[in-house]
Amino acid sequence: MTHTIRKATADDAGRLAELAAVTFPLACPPGSSPEDIAAHLADTLSERHFRTYLADPGVTILVIDAGGGGLRGYSLLVNRPALDPDVASALTALPSAELSKCYVHPDHHGLGAAADLMQATIGHAAAAGATGLWLGVNSQNTKAIRFYEKSGFRKVGTKSFRLGSAVEHDFVMERRLGG
Ligand SMILES: CC(C)(COP(=O)(O)OP(=O)(O)OC[C@H]1O[C@@H](n2cnc3c(N)ncnc32)[C@H](O)[C@@H]1OP(=O)(O)O)[C@@H](O)C(=O)NCCC(=O)NCCS
């Protein structure tokens, strides 16, 4: 199936929120409560939040565009130094950008779309001047961890992530860019 990877615009905010509502639950540990997931979506992944991300010069959102208005996935890059002390002390390649989100619609898992998105995202981070790219991934999300390892990331540390009332533990993974 053909698709293009492009930078998202303000017009994509509503479609990004719809895609996030489908894909965010897939990244949560099996025991996550529906209430916590819904609260996280409302607090960080609504159309309003995507509008704010899209207006932020330190943020780049790339989308997998299937044509005809359909989006199959998205990544969100943050080109700012990591504030979390656990992350900052774990990173080895600086300056580093954060791959804050990387989500593909489940109908398109295992088909290479995620690899295309990752390749484009790595290219953007490198072009913006980053030497490294880091991400946090839930320690139980074995599928995503496998995907990130295939994409050249390795585990360099851990950090905590709050999902509603629960504190989840994320692996911090890092990949060197270029050279
Ligand atoms: C993470 C994601 C972008 C990867 O895209 P994808 O198309 O599924 O990736 P791929 O199929 O190339 O790679 C997944 C790998 O995990 C493996 N895998 C699948 N299910 C698995 C499981 N339950 N346990 C371990 N490995 C698993 C696959 O076999 C594949 O590895 P292989 O190529 O060596 O066989 C996509 O799965 C996704 O959007 N998931 C939901 C959201 C998410 O978790 N995002 C990451 C948040 S940090």
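Only a predicted model underlies this, so the values are computations on that prediction, with no experimental measurement involved.

Please set out the overall build of the chain residue by residue, giving values where relevant.
Secondary structure summary: the chain contains six helices and seven strands in total. Relative to the compact-globule value of 16 Å for 179 residues, the chain shows a C-alpha radius of gyration of 15 Å, a close match. Taken along the three principal axes of its C-alpha coordinates, the chain extends 40 × 40 × 30 Å. Taken across its 179 residues, the chain has 32% of its residues classed as buried. Summarising the internal contacts of the chain: among those between residues at least 6 apart in sequence, 69% fall at separations of at least 24.

With reference to specific residues and values, describe the site of the ligand.
Near the ligand lie 18 residues; those nearest to it are Ala-27, His-109, Ala-114, Thr-142 and Arg-146. Of all elements in the fold, only β4 (96-104), α5 (113-127) and α6 (142-150) reach the threshold of two or more residues within the shell around the ligand. Top element by residues in the shell around the ligand is α6. It accounts for six residues. Residue composition of the shell around the ligand, grouped by class: ten nonpolar, five polar and three charged.

Provide a residue-level description of the environment of Thr-23, including the pertinent values.
Relative to the elements of secondary structure, Thr-23 occurs in helix α1 (residues 13-23). Classification of Thr-23 as partly exposed rests on a count of 19 C-beta atoms within 10 Å. Placed 80 residues apart in sequence, Thr-23 and Tyr-103 show a C-alpha to C-alpha distance of 6.2 Å. Leave out the neighbours within four places in its chain, and Thr-23 touches Tyr-103 and His-105.

Rules of the game
- Residues numbered from 1 in each chain as written.
- Predicted model: local features only at pLDDT ≥ 70, side-chain atom pairs only at ≥ 80, totals over all residues.
- Helix = DSSP H or I, 4+ residues; strand = E, 2+ residues; numbered from the N terminus.
- Rg over C-alpha atoms; globule rule 2.2 N^0.38 Å.
- Buried ≥ 20, exposed ≤ 12 C-beta atoms within 10 Å, placed from the backbone.
- Contact = placed C-beta atoms within 7 Å.
- Near = placed C-beta within 6 Å.
- Nonpolar A, V, L, I, M, F, W, Y, C, P; charged D, E, K, R; others polar.

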